[in-house]
Structures are given as structure tokens and as C-alpha cells.
Amino acid sequence: MVVNAILAAIAKHGKKKEANVNIYHVASSIVNPLTLEQLFGQFYEHFKSSPRFDPYGRGTPVNVETPLKLYSNMEEFSIHLEKDIGRERAPMATYFKNSRKAETLIQKLKEYTTHMATTYKPYCFYEARFDCNKLQKLMESMCEEEKEEFGFDFQSIDWNHYIKNIHIPGLRKHVLRDNQQPVL
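This text gives an overview of the structure that appears in the document. Along each chain, numbering runs from 1 in the same order as the chain's sequence is written. Per-residue local features of the predicted model are confined to residues with pLDDT of at least 70, and side-chain atom pairs are confined, for both listing and counting, to 80 or more; whole-chain, interface and lining totals are unaffected and use all residues. By convention in this description, side-chain values take in all heavy atoms of the structure and omit both hydrogens and water.

1. A short note on the side chain of asparagine 32
Strands here are runs of E lasting at least two residues and helices are runs of H or I lasting at least four, both read from the DSSP assignment and numbered beginning at the N terminus. Structurally, asparagine 32 is set in the loop between α1 (2-13) and α2 (36-49). By definition, residues are in contact when any of their heavy atoms lie within 4.5 Å. Setting aside chain neighbours within four positions, we find asparagine 32 in contact with Phe154, Gln155, Ile157 and Trp159.

2. Focus on empty space enclosed by the protein
The method works on a 1 Å grid over the protein atoms by themselves. A cavity is a set of points holding a 1.4 Å probe that cannot get out, a pocket is an open set with protein on both sides within 12 Å along at least five of seven lines, and residues with an atom within 4 Å of a point line them. Grid points are joined across faces, edges and corners, and a volume is the space filled by probe spheres set on the points. Counted by the stated rule, this structure contains 1 cavity of 30 Å³ or more. In this structure, the largest cavity occupies an estimated 70 Å³ of space. If you trace the largest cavity, you find it lined by Ala27, Val31, Cys132, Leu135, Gln136, Met139, Phe152, Asp153, Phe154 and Gln155. For the lining of the largest cavity, the class distribution of residues is 7 nonpolar, 2 polar and 1 charged. Each residue receives one of three labels: charged for Asp, Glu, Lys and Arg, nonpolar for Ala, Val, Leu, Ile, Met, Phe, Trp, Tyr, Cys and Pro, and polar for the others, Gly being one of them.

3. Let's talk about the layout of surface pockets
Roughly 1,800 Å³ of internal volume is contained in the largest pocket. Every residue lining the largest pocket is counted, 36 residues in all, and those nearest its centre are Leu36, Phe40, Leu68, Leu70 and Cys124. Contributions of two or more residues to the lining of the largest pocket are made by α2, α3 (74-96) and α4 (99-124). Looking at which element gives the most residues to the lining of the largest pocket, the answer is α2, with 7 residues.

4. Examining α2
In a helix, the anticipated span is given by 1.5 Å times the number of residues less one. Across its 14 residues, α2 extends 20 Å between first and last C-alpha, which sits within 8% of the 20 Å expected from 1.5 Å per residue. Only protein chains enter the accessibility calculation, which uses a 1.4 Å probe. A residue is then buried if its area is under 20% of the maximum for its type, exposed if over 50%, and partly exposed in between. Buried within α2 we find Leu39, Gln42, Phe43, Tyr44, His46 and Phe47. Contacts from the buried residues of α2 go to α7 (159-175).

5. Quick notes on the side chain of histidine 46
In this structure, histidine 46 sits in helix α2. Overall, histidine 46 belongs to the buried group, its relative accessible area being 13%. A distance of 2.8 Å separates the side chain of histidine 46 from the side chain of arginine 172, its partner in a polar contact. Leave out the neighbours within four places in its chain, and histidine 46 touches Ile168 and Arg172. Any N or O atom pair separated by 3.5 Å or less is treated as a polar contact, with the protein-specific requirement of one donor-capable and one acceptor-capable atom, and with residues adjacent in sequence counted only for side-chain atom pairs.

6. Considerations on the packing of aromatic side chains
Aromatic pairing here means that ring centres of Phe, Tyr or Trp (its six-membered ring) are within 6.5 Å. Orientation follows from the plane angle: under 30 degrees is stacked, over 60 is edge-to-face, and everything else is tilted. Counted according to the given criterion, the structure contains 3 aromatic pairs. Here the aromatic rings of phenylalanine 43 and phenylalanine 47 are separated by 6.2 Å at their centres, their planes lie at 20°, and the arrangement is stacked. Linking phenylalanine 43 with phenylalanine 47, this pair stays in helix α2, spanning 4 residues, or about one helical turn. Both rings, one in tryptophan 159 and one in tyrosine 162, keep their centres 6.0 Å apart while their planes meet at 80°; by these two values the pair is edge-to-face. Of this pair, tryptophan 159 and tyrosine 162 both sit in helix α7, 3 residues apart, roughly one helical turn. Exposure remark for tryptophan 159: the relative accessible area of 18% places this residue in the buried category. The exposure class assigned to tyrosine 162 is partly exposed, which follows from its relative accessible area of 33%.

7. A word on α1
Here α1 spans 17 Å end to end across 12 residues, near enough to the 16 Å set by a 1.5 Å rise per residue. Inspection of α1 places Ala5, Ala8, Ala9 and His13 among the buried residues, and these make up the whole buried set. Buried residues of α1, seen end-on, are gathered within an arc of 115° and therefore sit on one face of the element. In α1, those exposed residues whose orientation departs by more than 90 degrees from the buried face are Val3, Ile10 and Ala11. As for α1, its buried residues are in contact with α5 (133-140). Note on α1: the residue one or two positions beyond its end, glycine 14, has a positive phi of about 50°. Working definition: the arc comes from the directions between the helix axis and the C-beta atoms, pointing outward to the latter.

Structure below.
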């Protein structure tokens, strides 16, 4: 859809040498938003019903106990992280039979988790929506044949279908290289 919108904009404006710059926001933000809560809900439902196994499809499935919790700010996330770390100290020290090794691992995990949360902070806590009216007007200015050829109607996206049947299976196959069925 993004490529189609770019091609439609090029077809509309060509190589005009105008001082006027045409900028289009190509997004579903206003017409068909997908929230993190919806996205994470889809992931939760999928992995609860189809848990991951090791890369060879053997072993114990990774169970998803509770839906992912969303936080409204980094402070709230940090408080939750400290509580989780506190609960893991004793079991990890027992597992490693060495509290120093467990503490080192916990500290590295905390640093990594904090780094990832800080990296994704702009995406997780950004609540603005992008105005796509100009893109909508571009689509409305096109004839039916052009609309068919350069289709980029973001209202037509069925997010539930896309996440469940395209995104997650593609993620499991190509990124996680995951066999969904255990080998018996």
C-alpha cells in the first residue's frame, strides 16, 4: 500500500518544477488505527493457543500465562521491572547454586530490558495520530481504474486477519524459524 501510494503521488505530480512540495502521510492512523493493545492482544491469543517450542519442535512449550501489560510511562514500567526482578532473585540463586552468578545475570537482564524499553519508548508512549486527509483526497481524485491499480485504501485493512493470518505466521516462519508442531 505504501509503494502504491508513492506511485500514485508520482503519477499525479510527475516532475513538476513547482516550489510547492506535496507531502502525504501514508498511514492508517486515523482511518483504521491499530493500537499496541490490539496488537499485543492478538499475539497473546496466538501464542496462548499455539505455544512456541524449541527450534526443532521438541521440548516443553513456552506457556503464555497472562496478557502483556501495557504501561503508561517509563516510571510505571521501571517499578514493575523492579518487582519482577525481586521475585526472581531467590529462584535464580537456587537454580545456579550461586547468588553472585544469579545477581550478575539479573543485572544484565535488567540492563537489557531497560535498554530495549528506552529504545522503544517513542513508539510505546507516542499518542499522536497522523492526518491522512491529503492522501485520502489523492485517492478520491483517481478514476476507478487507477484506484484498482494503485490500491492504498487503509480502511480496507482487516487488522485481526492480517496479524493472525499473515504477520504472526510470517514472523514465526521467517524470523523465529519456528516449527509450530512438536515432534513426537
